[in-house]
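Analysis of the macromolecular model
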Amino acid sequence: MSRVDRSVLPIPGPNAPFRFPQIHRRVLTNGLEVRAVSHRNVPVVCAVLIVPGGTAADPPDRPGLAAFTADLIDEGSGGRSALDVSDDLARYGADLDIDVGPDAIALSLTTLTPYLAPAVALLAEMAIRPNLADPDIERVRKLRLERLRQLRDHAPAVAERALMRLLYRDHPYGHLGLGSETAIEATTAADIRSFHRGAFVPSGATIVIVGDAEPAELFAGVTDVFGGWETPADAPRVNRHAGLVAPPLFPERRLAVVPRAGAAQSEIRIGHVCASRDTPDYHALVLLNMILGGQFTSRVNLNLRQDKGYTYGVRTGFDLRRGLGPFALSTSVQTEVTAPAIREALREIEDIRGARPATADELSMARASVTQGYPRGFETAQQVARGVGQLALHGLSDHYFEEFVPRIEAVTLDEVGRVAAAYLDPARMVTLAVGDHQQIASTLTTLNLGEPFVLSVLGQ
Amino acid sequence: MEIPYIKRTLDNGLDVIVHQHRQLPMVAVNVWYHVGSKNERPGRTGFAHLFEHLMFEGSEHYDKGYFQPLQQAGGLLNGSTNTDRTNYWEVVPTGALDLALWMESDRMGYLLPALTKEKFENQRDVVLNERRQNYENRPYGLAGIAMAAALFAPDHPYHWLTIGSADDIRSMALDEVRDFFSTYYHPANASLTLAGDVEPERAFDLAEQYFGDIPTGVVAPPVVVSPAPPVDSRLVLEDRVELARLYLSWHSPAMFEAGDADLDLASDLIAHGKTSRLYRTLVYEKRIAADVVAYQHSRELSGVFQIASTAVPGVSLAALETVITETLAELAAQGPTAAELERSRAQTASQFVYRLQTIGGFGGKSDQLNAYNVFRGDPGFFAADRARYDNATSASIATAVRTWLTGRPRVALSVVPTGQQALALPGSSAVRAS
């Protein structure tokens, strides 16, 4: 056996071709879009029902209504109790996940292929005919209030909540799914039933079904059980486009603190309202983010973690939504270095816009890293189902997956430089620290971001 | 259901396991070293994990950090340390398999020449920040530290968590790394699995080519301890939390020992899903708890069975304890019902199938093959592992609950909001953890 040449790294060879999943479509007579993908790996099937209208659709005086309603989906349906439904899920070995995003509610059910029909029928029952009974509403209300109370202890949750409030104020993106204690207490059973009748309708909704079966079998699994779903003529209005309203672009404050006495670290967020998912610059932003803070070898992580040892990790992300979503840098740093860490983070954001623009090497690395590993995202039925669900939510083409890699490869260094300058604006950024206010107050003033605005853990 | 594989051992003692699966044009590389925090000693806690960090800082022939070339090739990679083992993995496009093996073998054979004081001190700071983020600044984050200390005697290596104590981490020095590396990081103490888009013969050739000339080492004797049963105790820890939480922990069977699978099933029966006995009583019916979890955490030297439940405002932890004690007594007396057993069989069946969905990463097929190889000497243990669950009966579950839980010594830890010790179980003595 020949010895290895350790003087040089092996150059990766060409990658084997990969066939992206073929998406089969149907539209049921009630308007429900069905997308089916055969995914032959293990005997697993995953169904994702996407109903447009997420936390942004909460009425202004009822933040948390969408998530409260979605939480009741598996608390009893079709006249059967929550325990009966839970028992069925367990007997199908099924996992149910309820995800309430800013723009949509997604119900994901994963089960073994032999249970495809009964499990998807149960998903339909939960979505279409939840009991929404008073005792269940009261029980879930109490659980949600306790959850909200517990989140006050959790610095990352406190930071997320405060940041959205600072960036979006009263805009529909300005609150998280859990809403507020006041609103959860004030929400009535009628509010919940009305939201359900308005939001959970086949028109505009999509069900994606992916798994170890032929497309015909996958279609058959959903057609009957969802075919009888009707949009009520008197369906209450749920604003599915609430997020599209223009948010405030300039923050009232540049610097904010949520005091957390004795905290071992400061939880930091730096961000601003940024862009929507349909921006033509999407692919350039993906690459910009990889370079700035989207992976281990990004600029901010190499600086704050690998060079300075300030943190266990730091990342940036463009949370692109149907409306203008936020850009944010997130990290948690040792209390003593709060101000220097913020200064370095802001400097990295500023520098990539001009003083130290992305280099050709960085771009080629980011591009390779995004494209070479792309097939990894299609390994499980659940990954494929969620991916196809995103296409549905954002109105992207069935060929999106095939087109992704060539589009990423077409992005030039000039474009990355242009989007860095256009989409990142330090002058508009809010810097937030959840930490030991007494210890960090004096150094924060050296940042020249003005007096810190002090918020409570509730973001007020 | 199984994970087909071929296993060979190189002359230097490295186990190589290959599982071919062509769904994606990707290969998972997974390396286990049979070392964890159980191999540490008091005063040096946290070393195995700090060492894991150093494995990403470059090696003799590529000293520019471990991530860059692999991320550039489209790879995903990570590593982790627990009490019993340390694992490292990459999932790479097929064309980058050589690169991944070059990198893994270079750090297995040639880590030390590239290690500097600067890297060591930087990663020590990073680890201290990891500890702050995941333990010190997290609600209930110190409970696990206090519980481990109470469950196991100070000279038992499960007395401390893998993250280690902050003081120990601060006092570590670069020269300690050399000994640790030569004792534990060599082919005979490691297991390499390749899973995915690779022909077995080519995989074995590559393994020989990249790892074959790494000098073998002597496998350290296994850590032997006799876990004295815990002293029945009640402790209270104040923390920055809104709601009080009760943790009850017992010693339980070690990994794969008799009763391990039965207690794993028992934990699901009492706390997984709305129909589980404790969720139903505490959260659904009586509404005195915000949540309840239970698990059988089995490891090489001993297992721990733990139940944790958070009280709703105004409810004392004693009220939760009463229900938990009654529920365990019922399960010990009668065992699960036929319906409960049927449900848990279905869940077991699906969980084992779900485990076959990914080739790499934490818990993927390559990780499982290495786990079975390192802990059982048999990568093909998947089917036998599942049989342990299928063979469990109502009587065997009841027996395990009687043998290990009801009436056995246990540690009851009350975590209460600062200044509210009255919420703790009566008679609890205050502990501190940091």
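Look a little higher up for the structure.
Let me sum up the structure you'll find in this document.

Cut-offs used in this document
- Residues numbered from 1 in each chain as written.
- Chains lettered and ligands numbered in written order.
- Predicted model: local features only at pLDDT ≥ 70, side-chain atom pairs only at ≥ 80, totals over all residues.
- Helix = DSSP H or I, 4+ residues; strand = E, 2+ residues; numbered from the N terminus.
- Rg over C-alpha atoms; globule rule 2.2 N^0.38 Å.
- Buried ≥ 20, exposed ≤ 12 C-beta atoms within 10 Å, placed from the backbone.
- Contact = placed C-beta atoms within 7 Å.
- Pairing = 2+ DSSP bridges.
- Axes fitted to C-alpha atoms, helices over the stretch in contact; angles between N-to-C directions.
- Nonpolar A, V, L, I, M, F, W, Y, C, P; charged D, E, K, R; others polar.
- Expected span 1.5 Å × (residues − 1).

So, the overall build of chain A
A count of helices and strands for chain A gives 16 helices and 14 strands. Its C-alpha atoms give chain A a radius of gyration of 24 Å, near enough to 23 Å, the size a compact globule of 460 residues would have. Along the first, second and third principal axes, the C-alpha atoms of chain A reach 65 × 60 × 40 Å. Scored against the burial criterion, the 460 residues of chain A give a buried share of 53%. For chain A, the share of sequence-separated contacts (at least 6 apart) that also reach a separation of at least 24 residues comes to 83%.

Some remarks on unusual backbone geometry
Residues and elements named next belong to chain B. Positive phi, normally seen in glycine, also occurs at Phe 256, with a value near 70°. Along the chain, Phe 256 turns up in the loop between β8 (245-252) and α9 (260-271). One non-glycine residue, Arg 287, lies in positive phi territory at about 55°. Within the secondary structure, Arg 287 is located in the loop between α10 (277-285) and β9 (289-298).

Examining the sheet that holds strand β6 (residues 190-196) of chain B
Residue and element names in this part refer to chain B. What the six strands build is an open sheet, ordered β1-β2-β6-β3-β5-β4; its pairing is mixed. Every other strand in the sheet has two partners, leaving β1 (6-9) and β4 (76-81) as the edge strands with one partner each. Adjacent strand axes in the sheet meet at a mean angle of 15°, parallel and antiparallel pairs treated alike. As defined by bridge partners, β1 adjoins strand β2 (residues 15-20) across four bridges and the pair is classed as antiparallel. Across the sheet, the residue bridging to Ile 6 is Val 18, located in β2. Against the sheet, helix α3 (residues 97-109) contacts β3 (26-33), β5 (86-93) and β6, and its axis sits at roughly 10° relative to β3.

Let's talk about the interface of chain A and chain B
Facing the 60 residues of chain A at the interface are 61 residues of chain B. For the side of chain A that touches chain B, the secondary structure elements donating two or more residues are α2 (82-91), α4 (134-151), α10 (299-307), β11 (311-318), β12 (325-334) and α12 (360-372) of chain A. Its residues placed into classes, the side of chain A that touches chain B shows 26 nonpolar, 21 polar and 13 charged.

Let's talk about helix α13 (residues 365-376) of chain B
Each α-helix winds once per 3.6 residues, and so residues spaced three or four apart point in a common direction. Residues and elements named next belong to chain B. Spanning twelve residues, α13 covers 16 Å between terminal C-alpha atoms, matching the ideal 16 Å at 1.5 Å per step. Extensive coverage of α13 is indicated by the burial of ten of its twelve residues. All of the buried residues along α13 are Lys 365, Ser 366, Asp 367, Gln 368, Leu 369, Asn 370, Ala 371, Tyr 372, Asn 373 and Val 374. On the buried face of α13, the contacting elements are β2, β3, β5, β6 and α14 (382-390). Once α13 ends, the next one or two residues include Gly 377, with phi positive near 70°.

A look at the environment of Pro 200 of chain B
Residue and element names in this part refer to chain B. Checked against the element boundaries, Pro 200 lands in helix α8 (residues 200-211). Taking the C-beta count within 10 Å as the criterion, Pro 200 has 17 such neighbours and is therefore assigned partly exposed. In this structure, the C-alpha to C-alpha distance between Pro 200 and Ser 302, residues 102 residues apart in sequence, is 36 Å.

As for the environment of Asp 175 of chain B
Residue and element names in this part refer to chain B. Relative to the helices and strands, Asp 175 is located in helix α7 (residues 175-184). By the C-beta count within 10 Å, which is 9 here, Asp 175 ends up exposed. Between the alpha carbons of Asp 175 and Lys 117 there is a distance of 9.3 Å; along the sequence they are 58 residues apart.

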